[in-house]
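# Structural characterization, general
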Amino acid sequence: MNDSHRHGCNGRTAAQTPSDPHAAGDPAALRDRIAQAVRDVRATTPLAQSFTNFVTINLVANAQLAAGGTAAMSFLPDDVIDTSAISGADYINVGTLLPFYKEALPQIARAFHQSGHPWVLDPVAAGIGATRTAILTAFKDYPPTIIRGNASEVIALCDMWGLGRQDDGVSGDEHPSTRPAGVESVDDVESATDAARRLARHMAPLSPGGQAAVAVSGKVDLVTDGDRIYRLPGGSALMSKITGAGCSLGGVTATYLAVAEPLTATLAASLLYNRAGEIAERLSDGPGSFQVHLLDALWNLTPEQVAASEIVVAR
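Owing to the predicted nature of the structure, the values given are computational and were not obtained by experimental measurement.

Parameters at a glance
Residues numbered from 1 in each chain as written. Predicted model: local features only at pLDDT ≥ 70, side-chain atom pairs only at ≥ 80, totals over all residues. Heavy atoms only, no water. UniProt positions renumbered as here; feature names shortened; annotations may be inferred. Helix = DSSP H or I, 4+ residues; strand = E, 2+ residues; numbered from the N terminus. Buried < 20%, exposed > 50% of the residue type's maximum accessible area, 1.4 Å probe, protein only. Contact = heavy atoms within 4.5 Å. Pairing = 2+ DSSP bridges. Axes fitted to C-alpha atoms, helices over the stretch in contact; angles between N-to-C directions. Right-handed = clockwise from strand over helix to strand, strands pointing away. pLDDT = per-residue confidence, 0-100. Core = buried A, V, L, I, M, F, W, Y, C linked by side-chain atoms within 4.5 Å. Parallel < 35°, antiparallel > 145°, perpendicular 65-115°, else oblique. Left-handed = near helix turned anticlockwise from the far one by under 90°. Nonpolar A, V, L, I, M, F, W, Y, C, P; charged D, E, K, R; others polar.

### Thoughts on the UniProt feature "binding site: substrate" (unreviewed entry) in the chain
Here the UniProt-annotated "binding site: substrate" (unreviewed entry) positions come out as Met-73 and Gly-244. Within the element layout of this structure, Met-73 appears in strand 2 (residues 70–73). A residue is classified by how much of its surface remains accessible, and Met-73, at 27% relative accessible area, is partly exposed. For Met-73, the contacting residues outside a window of four places in its chain are Ser-50, Thr-52, Ile-57, Val-60, Ala-61 and Gln-64. Along the chain, Gly-244 falls in the loop between strand 8 (229–233) and helix 8 (245–257).

### Structural notes on the sheet that holds strand 4 (residues 119–122)
With mixed pairing, the nine strands of this open sheet are ordered in space as 2-1-3-4-5-6-7-8-9. Of all strands in the sheet, those bounded by a partner on one side alone are strand 2 and strand 9 (312–313). For strand 4 and strand 5 (residues 146–150), the ladder comprises two bridges, and the chain directions are parallel. The residue bridging Val-120 from the neighbouring strand is Ile-146, located in strand 5. Most of the contacts of helix 6 (residues 151–160) go to strand 5, to which it runs at about 125 degrees, and overall it touches strand 4, strand 5 and strand 6 (213–217).

### Comments concerning the pairing of strand 5
Taking burial as the measure, the five residues of strand 5 include five buried ones, the bulk of the element. Burial of the side chains of strand 5 extends over both faces: Ile-146, Arg-148 and Asn-150 are buried on one face and Ile-147 and Gly-149 on the other. In the classification by handedness, the crossover that spans strand 4, the intervening helix 5 (residues 130–138) and the parallel strand 5 is right-handed. As judged from the five bridges shared by strand 5 and strand 6, these two strands associate in the parallel manner. Of the residues in strand 6, the one forming a bridge with Gly-149 is Val-216.

### Quick look at the confidence of the model for the chain
Averaged over the chain, the pLDDT score is 89; the fraction of residues at 70 or greater is 85%. Low pLDDT (under 50) marks residues 1–23, which in the prediction has 47 contacts with non-local residues, meaning those over four places away or in another chain. In this model, residues 172–177 is a region of pLDDT below 50 whose contacts with residues beyond four sequence positions or in other chains number 13 contacts.

### Concerning the nonpolar core
Core analysis: the biggest nonpolar cluster contains 53 residues, and Ile-34 and Tyr-256 have the highest contact counts within it. Setting aside chain neighbours within four positions, we find Tyr-256 in contact with Ala-37, Val-38, Val-41, Ala-265, Ala-268, Ala-269 and Leu-272. Within the second largest apolar cluster, 40 residues are counted, among which are Leu-105, Ile-147, Ile-155 and Ala-196.

### Here's the deal with the pairing of strand 4
Of the two faces of strand 4, both are covered, the one formed by Trp-119 and Leu-121 as well as the one formed by Val-120 and Asp-122. Here four bridges tie strand 3 (residues 89–93) to strand 4, and the two strands are oriented parallel to one another. Bridge pairing links Ile-92 to Leu-121 in strand 4.

### Some points on the packing of helix 2 (residues 57–67) against helix 10 (residues 287–300)
Look at helix 2 against helix 10: their axes get within 7 Å of each other, and the N-to-C directions meet at 30 degrees. Between helix 2 and helix 10, the interaxial angle falls into the category roughly parallel. Here helix 2 runs over helix 10; the crossing is right-handed. Contacts between helix 2 and helix 10 involve Leu-59, Asn-62, Ala-63, Leu-65, Ala-66 and Ala-67 on the former and, on the latter, Gln-291, Leu-295, Leu-298 and Trp-299. By residue class, the composition of the contact of helix 2 with helix 10 is eight nonpolar, two polar and no charged.

The following block contains the structure:
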């Protein structure tokens, strides 16, 4: 690591200073911020550290590098906490658990909360197993800045945190009961809208800068800051045919969180992946070559191409 990764006492860059929350409703301003986030990552190569699924750790690191950032991987709590002083943001993925994670991950989350360090959570397979449930439940009091998962994971996490019946101004019916199916979703994205908004509203006052975001991946991705809802069409079905597409998107989301506020970072990372997936599918002959072309597309897409992506504003 060199001094270009030192962004102050808590690893945050000036670009993460919270923007005017009302400006996020201006489509042109939002696209400008998305393009700027892509430029800032390419210009500053921010360090985003990961405590991630060791089955997919290689793709996570390569995707962060291809997007323009810098990667660091660790599974030691003290190492992760110490390195967070020089990382712009961190990424935690709860896939493929080991026994010590039950104590290590809540310890890390608590330290991030105390230092005001931003981080991204991928609640892989939320709802399966007592250990995973204990870890994810412990994050309620020390929540991430961004959550990225599939619809079933987002709904399950909202249930774990007991947010389903809060009088928080979120309209709509209570989300239906769900069941986990490994790492695959058994719910559609729309059914997770209410849960995503409740999670973001819970996270925001406990997050650096008072802002948070939740991304729900699916045929049409959904991103919310708890108030506004954005739908992002596109991407590729081949994403589900390689190991680690979602995990690597979580790592790249942390890369963008190192330079931008949560909503912009989440939108920028999701749009980058949708466009890269489309390009990779056109060029590939199957899952193996798709992964190679995906990394190339992450590297070659321009800020203007990412920012010009279709964004459907629901509110």
